[in-house]
Amino acid sequence: LPAHAAKLGEAAARRIRSFKNAATRIREVRGRGLMIGIELAIPDATPVVQAALAAGLVINATQKNVLRLSPALTITEQSLAAGLDLLERAIDAI
C-alpha cells in the first residue's frame with residue numbers, strides 16, 4: 001500500500017498543478033502519498049468545499065484557504081481521476 005499511495009499521490013499532485021486555472025487559483029500543492037494539501041489563492045476555501053460536496057466529493061478545509069484530500073489508500077487510478085475531475089470543476093466554480 002505505501003508504494004501504491006506514493007505513486008498515486010505523485011500523479012494526483014501533478015494533475016492538480018496542471019488544472020486549467022491552477023496558475024491563478026492554486027498557490028501550492030503539497031503532501032505525502034495520498035494525503036494532499038492544496039493552498040488556494042483565495043482567502044476562504046468554503047465555496048470550493050461546498051461545490052465539491054454538492055458534486056459528491058468529500059474534502060475539507062484545514063485552514064481558511066487550504067484544502068485537504070485524503071482518499072483511501074486502496075483507491076484505484078480511475079476513481080482518483082474521477083475525483084480530481086470533480087475537484088477541478090469545484091475550483092473552477094469559484
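Structure shown above.
Basis of the calculations
- Residues numbered from 1 in each chain as written.
- Predicted model: local features only at pLDDT ≥ 70, side-chain atom pairs only at ≥ 80, totals over all residues.
- Heavy atoms only, no water.
- Helix = DSSP H or I, 4+ residues; strand = E, 2+ residues; numbered from the N terminus.
- Rg over C-alpha atoms; globule rule 2.2 N^0.38 Å.
- Buried < 20%, exposed > 50% of the residue type's maximum accessible area, 1.4 Å probe, protein only.
- Contact = heavy atoms within 4.5 Å.
- Areas by Shrake-Rupley, 256 points an atom, 1.4 Å probe, with all protein chains shown as cover.
- Lys, Arg positive; Asp, Glu negative; His and termini not counted.
- Charge placed at Lys NZ, Arg CZ, Asp CG, Glu CD.
- Pairing = 2+ DSSP bridges.
- Axes fitted to C-alpha atoms, helices over the stretch in contact; angles between N-to-C directions.
- Parallel < 35°, antiparallel > 145°, perpendicular 65-115°, else oblique.
- Left-handed = near helix turned anticlockwise from the far one by under 90°.

A. Molecular detail of the overall build of the protein. Secondary structure summary: the protein contains 4 helices and 4 strands in total. Reading the helices (α) and strands (β) of the protein from amino to carboxyl end gives α-α-β-β-α-β-β-α. In terms of C-alpha radius of gyration, the protein reaches 12 Å, essentially the compact-globule figure of 12 Å for 94 residues. Structurally, the protein occupies a C-alpha span of about 35 × 25 × 25 Å along its principal axes. Counting the 94 residues in the protein, one finds 37% classified as buried. Intrachain contacts of the protein at a sequence separation of at least 6 include 57% that bridge at least 24 residues. When the accessible surface of the protein is summed, it comes to about 5,400 Å², and 55% of that surface belongs to carbon and sulfur atoms. Between the mean site of the 12 positive side-chain charges and the mean site of the 8 negative ones, the protein shows a separation of 2 Å.

B. Structural detail: the sheet that holds strand 2 (residues 35-40). Taken together, the 4 strands give an open sheet; going across it, the order is 1-2-4-3, and neighbouring strands pair in antiparallel fashion. Edge positions in the sheet fall to strand 1 (26-32) and strand 3 (60-63), since each of these pairs with one other strand and no more. On average, each strand axis in the sheet is inclined to that of its neighbour by 30°, with strand direction left out of account. Along the sheet, helix 4 (residues 77-92) contacts strand 1, strand 2 and strand 4 (66-69); its crossing angle with strand 4, the most-contacted strand, is approximately 165°.

C. The arrangement of the environment of T74 in detail. Examined against the element boundaries, T74 turns out to sit in the loop between strand 4 and helix 4. Accessibility expressed as a relative area gives 58% for T74, which makes it exposed. On a C-alpha basis, the gap between T74 and L1 in space is 7.2 Å, while along the polypeptide they are 73 residues apart.

D. Focus on the pairing of strand 3. The pairing of strand 3 with strand 4 spans 3 bridges and is antiparallel. Bridge assignment links A61 to a residue of strand 4, and that residue is L67. Counting the residues between successive antiparallel strands, the hairpin from strand 3 to strand 4 contains 2 residues.

E. View of the packing of helix 3 (residues 46-55) against helix 4. Where helix 3 contacts helix 4, the axes come no closer than 8 Å and their chain directions differ by 135°. The angle between helix 3 and helix 4 places the two elements in the oblique class. Viewed along their axes, helix 3 and helix 4 form a crossing whose handedness is right-handed. The residues of helix 4 that touch helix 3, namely those facing V48, A51, A52 and A55, are L86, A90 and I91.

F. Region of the structure containing the environment of A93. In this fold, A93 is placed in the segment after helix 4. A residue is classified by how much of its surface remains accessible, and A93, at 59% relative accessible area, is exposed.

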